[in-house]
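Inside the fold
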Amino acid sequence: MKDQVENGMNDFHEQELRNIAEELNRFKAEKHFLVKKINKLEVKNKQFLSDFLKKLDVE
């Protein structure tokens, strides 16, 4: 009986660890997506600023 309870608890903890690992992977994927998005925005902002400064010099 004690072994069955321990096995049940081990199965429960194993499933909890799997759930945590899946959630962590989702967060990592979201972070990767957001970092890429931020990098694109930084490039666009640098280009916009560069273009804007060029226009100021021309006028």
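Regarding the overall build of the chain
- For the chain, the count of helices and strands is 1 helix and 0 strands.
- Over its C-alpha atoms the chain spans a radius of gyration of 25 Å, topping by over 25% the 10 Å that the globule rule assigns to 59 residues.
- With the principal axes as the frame, the chain shows a C-alpha extent of 85 × 10 × 5 Å.
- Looking at the chain as a whole, 0% of its 59 residues qualify as buried.
- Surface accessibility of the chain: about 6,100 Å² in total, with carbon and sulfur atoms responsible for 60%.

Focus on the environment of Asn 7
- Following the sequence through the fold, Asn 7 ends up in helix α1 (residues 2-58).
- In sequence terms Asn 7 and Arg 18 are 11 residues apart; their C-alpha atoms lie 16 Å from each other.

Side note on the environment of Leu 24
- By the element assignment, Leu 24 lies in helix α1.
- Note: C-alpha distance between Leu 24 and Asn 7 (17 residues apart in sequence) is 25 Å.

Some details on the pattern of salt bridges
- What the rule picks out here adds up to 1 salt bridge.
- The salt bridge partner of Glu 14 is Arg 18, with a shortest N-O separation of 2.7 Å. Taken together, the positions of Glu 14 and Arg 18, both in helix α1 and 4 residues apart, correspond to about one turn of that helix.

A short note on the packing of aromatic side chains
- What the rule picks out here adds up to 1 aromatic pair.
- Between Phe 48 and Phe 52, the aromatic rings sit 6.1 Å apart at their centres with planes inclined by 15°, giving stacked as the arrangement. In this pair, Phe 48 and Phe 52 are both assigned in helix α1, 4 residues apart and thus about one turn of the helix distant.
- Under the relative-accessibility criterion, Phe 52 is labelled partly exposed at 42%.

Details of a nonpolar patch on the surface
- A surface patch of nonpolar side chains, amounting to about 520 Å² of accessible area, comprises Phe 48, Leu 49, Phe 52, Leu 53 and Leu 56.
- On the secondary structure map, Leu 53 appears in helix α1.
- Given the relative accessible area of 43%, Leu 53 is considered partly exposed.

Quick notes on the rules
Residues numbered from 1 in each chain as written. Predicted model: local features only at pLDDT ≥ 70, side-chain atom pairs only at ≥ 80, totals over all residues. Heavy atoms only, no water. Helix = DSSP H or I, 4+ residues; strand = E, 2+ residues; numbered from the N terminus. Rg over C-alpha atoms; globule rule 2.2 N^0.38 Å. Buried < 20%, exposed > 50% of the residue type's maximum accessible area, 1.4 Å probe, protein only. Areas by Shrake-Rupley, 256 points an atom, 1.4 Å probe, with all protein chains shown as cover. Salt bridge = Lys/Arg side-chain N within 4 Å of Asp/Glu carboxyl O. Phe/Tyr/Trp six-rings, centres within 6.5 Å; stacked < 30°, edge-to-face > 60°. Patch = residues over 30% accessible without salt bridge, like charges linked within 9 Å, V, L, I, M, F, W, Y side chains within 5 Å.

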